[in-house]
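# Per-entry structural report
Now for the letters of each chain:
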Amino acid sequence: MRLLILAFILAFCSSAEDSSLPRSSIKDKDLDKLADNVVEFFDALEADKIIDQRKALDELEASLAKMAKSARLDDSPLKYLGDWEQVFEKAKVEDRKIKAGKGFTALTFEDRWDSTPVTYLMSIPAGYSKRGAGLYPAILALKPPLEKGGSELEEAVQAMAEATYGDLMDKAIILVPLGRKQGEGRKAATTEVESSWMTDEGLYTLFTSFRTLLENVRFDRSRLVVDGWGDAGIDAFRLASRAPFWFAGAINRSGDVGTADDVIFQNLRDVPLLYVNGASDGREADMSALEAAEGLALETVAEEGSAMAPGDEARGKIAEWFEGRQHSLCPTDIDYRLDNIQYQSMHWVKAANINKRPTAKPSDEDFPRIKAEVDQGSNTIKIETTNVLGGVYVFLSDALVDMDKPVAIEVNGTERVKRHFERDIQILLENRFFNNSGDCGLYTNMVLIEEID
């Protein structure tokens, strides 16, 4: 499966049942057969071959109908999003260069629209390749600037990663973005991101590397954690506060924690935080702003040595915290502040545009904001917006509402929509391919509500 560039700049072994998405009685081995039809549809979609798209879609629907009949389903198979989470993960076309159980390996990802490959390190547990293996959790690790390049950079980061994670490499997929690969042929060498991961260059490298998870590696999307090492620790918190829907948790290893004007603490209320304080790292982070923020789930681990090479006791505490991390892939309550249109998505709601004062702070009443909740009793979605322009996209599924009934959508106290939305398999597939929703989610319909007051 090949997603287009993700915004351009922008488990311990578990099964799909753990992702909080509903499952049907269709057997896993039957669902796995649908993956080939999905791959055929995605290939035709990428090649813009309309006839081949229709053929693949027809074959997929015929196979699905047969499976639903055999399983005696009374409901639409599109209602069971947990099934589709499994199908899409199995439909990923795996890069043969990615080897399980081999430790950290330097690899490249090249986008079809950009001839400059991006280099990353990846470690995949040996159990990943075993028959019947479930979905592993994943860690997106952000390294600090090392002022190195080429193989020297790759070797240095590999050594750091091995010291940081140890036996956690047996239990989680770990991805470490490095930088763009510059030069021709044998002279091509990796050039690291020199400053913050939140710069345009950093975000491009980070999310292009991240696409290998989205497109080539099976993983549990509900159990992804971002982990910042040293000076990159604050970037882990910054990233999680601007794209919280991706992460079940965020780790900061001996880095600054930022201020309420830099890290949007309000967006981290559903993202548990772990601060690993390494005494030998020589940093006494000012935790006052973080501790003063309301509603945060913050834990700390003390390490006598470096947070990037923790001893057995600290490593055990970190692993225990990581093991408990899992978040909903489709929550029914959202409260999100937008400081940049690059981060316009929050689960099933996406802002078309925003109006933000240059001096606005996240605590200000006029700071761009989206609040949304689902009243499942009345099958109503209620949305409140502040300084959101051009409308909001609302993505729908049975994880949110009963799509057999009319769905009402209220915006700022006014009912804007009340109608029945058909479940559409093409919308489900195309959203996963193009990532229209921004969260790589599972949605069977969508609506744009414009002219918001």
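In this report, the structure presented in the accompanying data block is examined. Fair warning: this is a prediction, and the values are worked out from it, not measured in the lab. (Residues numbered from 1 in each chain as written. Predicted model: local features only at pLDDT ≥ 70, side-chain atom pairs only at ≥ 80, totals over all residues. Heavy atoms only, no water.)

Sheets are built from strands that pair by backbone hydrogen bonding, the pairs being arranged parallel or antiparallel. With mixed pairing, the five strands of this open sheet are ordered in space as β10-β13-β14-β16-β17. Edge positions in the open sheet fall to β10 (333-337) and β17 (414-419), since each of these has one partner strand only. Between one strand axis and the next, the sheet turns by 15° as a mean value, whatever way the strands run. Note: strand β13 (residues 369-375) against strand β14 (residues 380-386), seven bridges, orientation antiparallel. By the bridge assignment, A372 is partnered in β14 with I383. (Pairing = 2+ DSSP bridges. Helix = DSSP H or I, 4+ residues; strand = E, 2+ residues; numbered from the N terminus. Axes fitted to C-alpha atoms, helices over the stretch in contact; angles between N-to-C directions.)

M122, I173, L213, W246, W348, V394 and I409 are the most contacted members of the largest nonpolar core, which totals 112 residues. Broken down by element, the residue count for this core peaks at seven residues, all from helix α1 (residues 28-46). Contact partners of I409, with chain neighbours within four places excluded, come to I381, I383, V394, T414, E415, R416, V417, V447 and I449. Listed in part, the 27 residues of the second largest apolar core include V157, L274, A307 and M308. (Core = buried A, V, L, I, M, F, W, Y, C linked by side-chain atoms within 4.5 Å. Buried < 20%, exposed > 50% of the residue type's maximum accessible area, 1.4 Å probe, protein only. Contact = heavy atoms within 4.5 Å.)

At a minimum axis separation of 8 Å, α1 and helix α3 (residues 81-90) run at an interaxial angle of 60°. Taken as axis vectors, α1 and α3 run oblique relative to one another. Between α1 and α3 the crossing geometry is right-handed. Contacts from D28, L31, D32, L34, A35, V38 and F42 in α1 reach D83, Q86, V87, F88 and K90 in α3. Per-class residue counts for the contact of α1 with α3 are seven nonpolar, one polar and four charged. (Parallel < 35°, antiparallel > 145°, perpendicular 65-115°, else oblique. Left-handed = near helix turned anticlockwise from the far one by under 90°. Nonpolar A, V, L, I, M, F, W, Y, C, P; charged D, E, K, R; others polar.)

Once that is clear, we can look at the packing of aromatic side chains. Scanning the model with the defined rule gives ten aromatic pairs in all. Taking 6.3 Å as the distance between ring centres and 55° as the angle between the ring planes, the aromatic pair formed by F41 and F42 counts as tilted. The exposure class assigned to F42 is buried, which follows from its relative accessible area of 1%. Over the aromatic face of W321 sits the side chain of R325, whose NZ or CZ is 4.8 Å from the ring centroid. The ring of Y393 is capped by K350, whose NZ or CZ atom sits 5.1 Å from the centre of that ring. (Phe/Tyr/Trp six-rings, centres within 6.5 Å; stacked < 30°, edge-to-face > 60°. Lys NZ or Arg CZ within 6 Å of the ring centre and 35° of its normal.)

Counted according to the given criterion, the structure contains 31 salt bridges. The partner of E85 in a salt bridge is R221, with the nearest N and O atoms 2.9 Å apart. Here the residue E85 occupies a position in helix α3, and R221 occupies one in the loop between α5 (200-216) and β6 (224-229), the gap between them amounting to 136 residues. Under the relative-accessibility criterion, R221 is labelled buried at 8%. Close ionic contact of R238 with D235 constitutes a salt bridge, the shortest N to O distance being 2.8 Å. Of this pair, R238 and D235 both sit in helix α6 (residues 233-242), separated by three residues, roughly a single helical turn. Residue R238 is classed as buried on the basis of its relative accessible area, which comes to 18%. Its relative accessible area of 3% is what places D235 among the buried residues. (Salt bridge = Lys/Arg side-chain N within 4 Å of Asp/Glu carboxyl O.)

With that out of the way, let us pick up helix α4 (residues 150-165). Here α4 contains 16 residues, and its C-alpha end-to-end distance of 23 Å stays within 8% of the 22 Å for a straight helix at 1.5 Å per residue. Buried within α4 we find G150, L153, E154, V157, A161, T164 and Y165. One side of α4 holds all its buried residues, which, seen down the axis, span an arc of 95°. Where α4 terminates, the next one or two residues include G166, which has phi positive at roughly 50°. (Expected span 1.5 Å × (residues − 1). Arc of directions from axis to C-beta.)

Tracing the sequence through the fold places R23 in the segment before α1. Given a relative accessible area of 17%, R23 falls into the buried group. Taking the C-alpha atoms as reference points, R23 and P77, separated by 54 residues in sequence, lie 9.3 Å from one another. A polar contact of 2.8 Å, which involves the side chain of R23, links it to the side chain of D28. Here D83 takes part through its side chain, which lies 2.6 Å from a polar atom of the side chain of R23. (Polar contact = N/O pair within 3.5 Å; in protein donor to acceptor, adjacent residues only side chain to side chain.)

The next point concerns the pairing of strand β5 (residues 189-192). Burial along β5 is one-sided: T190 and E192 are buried, and none of A189 and T191, which face the opposite way, are. Taken together, strand β4 (residues 173-182) and the strand that follows it, β5, pair antiparallel across an intervening segment of six residues, in which G183 is found at a positive phi of about 105°.

Right, let's get into the side chain of T119. Structurally, T119 is set in strand β2 (residues 118-123). Residue contacts for T119: discarding those within four places in its chain leaves L107, T108, E154, P177, L178, G179, K181, T190 and S209.

What follows deals with a negative patch on the surface. Together, D270, D333, E373, D375 and E384 line one region of the surface with negative charge. Looking at the element boundaries, D270 is found in the loop between β7 (249-253) and β8 (273-278). Classification of D270 by relative accessible area gives exposed; the value is 64%. (Patch = residues over 30% accessible without salt bridge, like charges linked within 9 Å, V, L, I, M, F, W, Y side chains within 5 Å. Areas by Shrake-Rupley, 256 points an atom, 1.4 Å probe, with all protein chains shown as cover. Lys, Arg positive; Asp, Glu negative; His and termini not counted. Charge placed at Lys NZ, Arg CZ, Asp CG, Glu CD.)

Of note, the phi angle at S254 is positive, near 55°, even though the residue is not glycine. Relative to the helices and strands, S254 resides in the loop between β7 and β8. Residue classification places S254 among the buried residues on the basis of a relative accessible area of 2%. At E451, a position not held by glycine, the phi torsion is positive, near 50°.

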